[in-house]
Amino acid sequence: MQENCILKIEHLNKKFADHEVLKDVNLTVNKGDVVAIIGPSGCGKSTFLRCLNCMEDPTGGTILFRGENLADFKVDINKHRRHIGMVFQQFNLFNNMTVLQNITLAPILVGCADLRAKKRKTLLTKIGNVFRKEKKAVDAPTVTKADIKTAAKEKAMELLKKIGLEDKADAYPSTLSGGQKQRIAIVRALAMEPDVLLFDEPTSALDPEMVGEVLNLMTELANEGMTMVVVTHEMGFAKEVANRVIFIDEGVIKEENTPQEFFHAPQNERLKEFLSKVL
């Protein structure tokens, strides 16, 4: 896999019983790409995205990420999920937690799990050294659980300040607008410092006046070089922000091109028909 390649999907298939939702899908996502995926409802867009994050198990094909095939059941999916952020249509915030707790939950859990693993490794090395003539170096942890929590909180507050919502740190999701909830959901994904962010129709559950604030944040992230794969109905975002646009219909990628060519010189007849209805 090339050095700047983040995801390489080859011959991806997905079936639910006898219904084939994805059929031989191939796609390469490079570092810094913003790939917009559009298509009619029920065409397989969201299923494709869920396969990339292994929320759905592919029926066939490969999903190469960080040199490993995520479609292989032997691979530790949770290890790789740390590096693949996911933003959902319905926000999926925990309503019984404050905004700050929502954002810091995953970094603290992952950081503490890594700390426990390192402590176990240190202990085993020390025990082994009792019986070794040549002692192994002991790589003891240099951070504590308190350090992990402090770092997670500082990172969360930095991200909240970036989106102008630092005053909402102690608020609960039920008190926020839809646009605020979705921006918090994006920040929660960013807190893990992912290699790629996946967006599943992030604005479709929002009132029209709240769509802009979410798209503005996504545009800012794109300008900063964040790699993103976005399932969306927002044609303006696909035109102006994406560097590639993909049209999926009946589980098949029927056209992939630059926004200029995709919208102004479509080749596929089904895409032409689709664009005539949505533009």
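Here goes a summary of the coordinates provided. (Residues numbered from 1 in each chain as written. Predicted model: local features only at pLDDT ≥ 70, side-chain atom pairs only at ≥ 80, totals over all residues. Heavy atoms only, no water.)

## A short note on the layout of surface pockets
In this structure, the largest pocket spans a volume of roughly 580 Å³. Lining the largest pocket are 21 residues, and of these Arg-81, Ile-84, Met-86, Ala-106 and Met-192 lie nearest its centre. Elements with a contribution of two residues or more to the lining of the largest pocket: helix H2 (77-81), strand E6 (84-87), helix H3 (99-130) and helix H5 (178-190). Here the lining of the largest pocket gets 5 residues from one element, more than from any other, and that element is H3. By residue class, the composition of the lining of the largest pocket is 13 nonpolar, 5 polar and 3 charged. When its volume is computed, the second largest pocket comes out at roughly 230 Å³. Pro-107, Ala-152, Ala-191, Met-192 and Glu-193 are the residues nearest the centre of the second largest pocket, which is lined by 13 residues in total. Looking at the lining of the second largest pocket, the elements that each hand over two or more residues are H3 and helix H4 (145-162). The dominant element in the lining of the second largest pocket, judged by the number of residues it contributes, is H4, at 5 residues. (1 Å grid on protein atoms, 1.4 Å probe; cavity = no way out; pocket = protein on both sides within 12 Å on 5 of 7 lines; lining within 4 Å. Points joined across faces, edges and corners; volume = space filled by probe spheres on them. Helix = DSSP H or I, 4+ residues; strand = E, 2+ residues; numbered from the N terminus. Nonpolar A, V, L, I, M, F, W, Y, C, P; charged D, E, K, R; others polar.)

## A few points about helix H6 (residues 208-223)
Given a rise of 1.5 Å per residue, 16 residues ought to cover 22 Å, and the 23 Å separating the end C-alpha atoms of H6 matches this to within 8%. If you check which residues of H6 are buried, you get Met-210, Val-211, Val-214, Leu-215, Leu-217, Met-218, Leu-221 and Ala-222. Along H6, the residues classed as buried sweep out an arc of 155° about the axis, all on the same side. Structural note: H6 exposes Glu-209, Asn-216 and Asn-223 on the side pointing more than 90 degrees away from its buried face. Where H6 is buried, its residues meet strand E3 (34-38), H4, H5, strand E7 (196-200), strand E8 (228-231) and helix H7 (235-240). Gly-225 occupies a position one or two residues after H6 and carries a positive phi of about 100°. (Expected span 1.5 Å × (residues − 1). Buried < 20%, exposed > 50% of the residue type's maximum accessible area, 1.4 Å probe, protein only. Arc of directions from axis to C-beta. Contact = heavy atoms within 4.5 Å.)

## A look at unusual backbone geometry
Of note in this structure, Asp-24 is not a glycine but carries a positive phi near 55°. Residue Asp-24 is classed as partly exposed on the basis of its relative accessible area of 43%. One non-glycine residue, Glu-193, lies in positive phi territory at about 50°. By the secondary structure assignment, Glu-193 is in the loop between H5 and E7.

## Details of the nonpolar core
Counting residues in hydrophobic clusters, the biggest one holds 50 residues, and the most contacted among them are Ile-184, Ile-186 and Met-228. Take this core: its biggest share by element is 8 residues, from H6. If sequence neighbours within four positions are ignored, Ile-186 has contacts with Val-87, Phe-199, Val-214, Leu-217, Met-218 and Leu-221. Grouped together as the second largest cluster of nonpolar side chains are 31 residues, Leu-27, Phe-48, Leu-49 and Phe-65 included. (Core = buried A, V, L, I, M, F, W, Y, C linked by side-chain atoms within 4.5 Å.)

## Focus on H4
Each turn of an α-helix holds 3.6 residues, which means side chains three or four residues apart point in the same direction. For H4, built from 18 residues, the straight-helix expectation of 26 Å at 1.5 Å per residue is met to within 8% by its first-to-last C-alpha distance of 26 Å. Against H3 and H5 lie the buried residues of H4. Gly-164 sits one or two residues past H4 and shows a positive phi near 70°.

## Description of the side chain of Thr-98
By the element assignment, Thr-98 lies in the loop between E6 and H3. When residues no more than four places from it in sequence are discounted, the contact partners of Thr-98 are Ala-169, Asp-170, Ala-171 and Tyr-172.

## Quick word on the packing of H3 against H4
One can describe the packing of H3 onto H4 by two numbers: an axis separation of 9 Å at closest approach and a directional angle of 145°. Considering how the two elements wind past one another, H3 and H4 form a crossing that is right-handed. Listed contacts from H4 to Val-99, Leu-100, Ile-103, Thr-104, Pro-107, Ile-108, Gly-111, Cys-112 and Leu-115 of H3 are Lys-145, Ile-148, Lys-149, Ala-152, Lys-153, Ala-156, Met-157 and Leu-160. Taken together, the residues of the contact of H3 with H4 break down into 12 nonpolar, 2 polar and 3 charged. (Axes fitted to C-alpha atoms, helices over the stretch in contact; angles between N-to-C directions. Left-handed = near helix turned anticlockwise from the far one by under 90°.)

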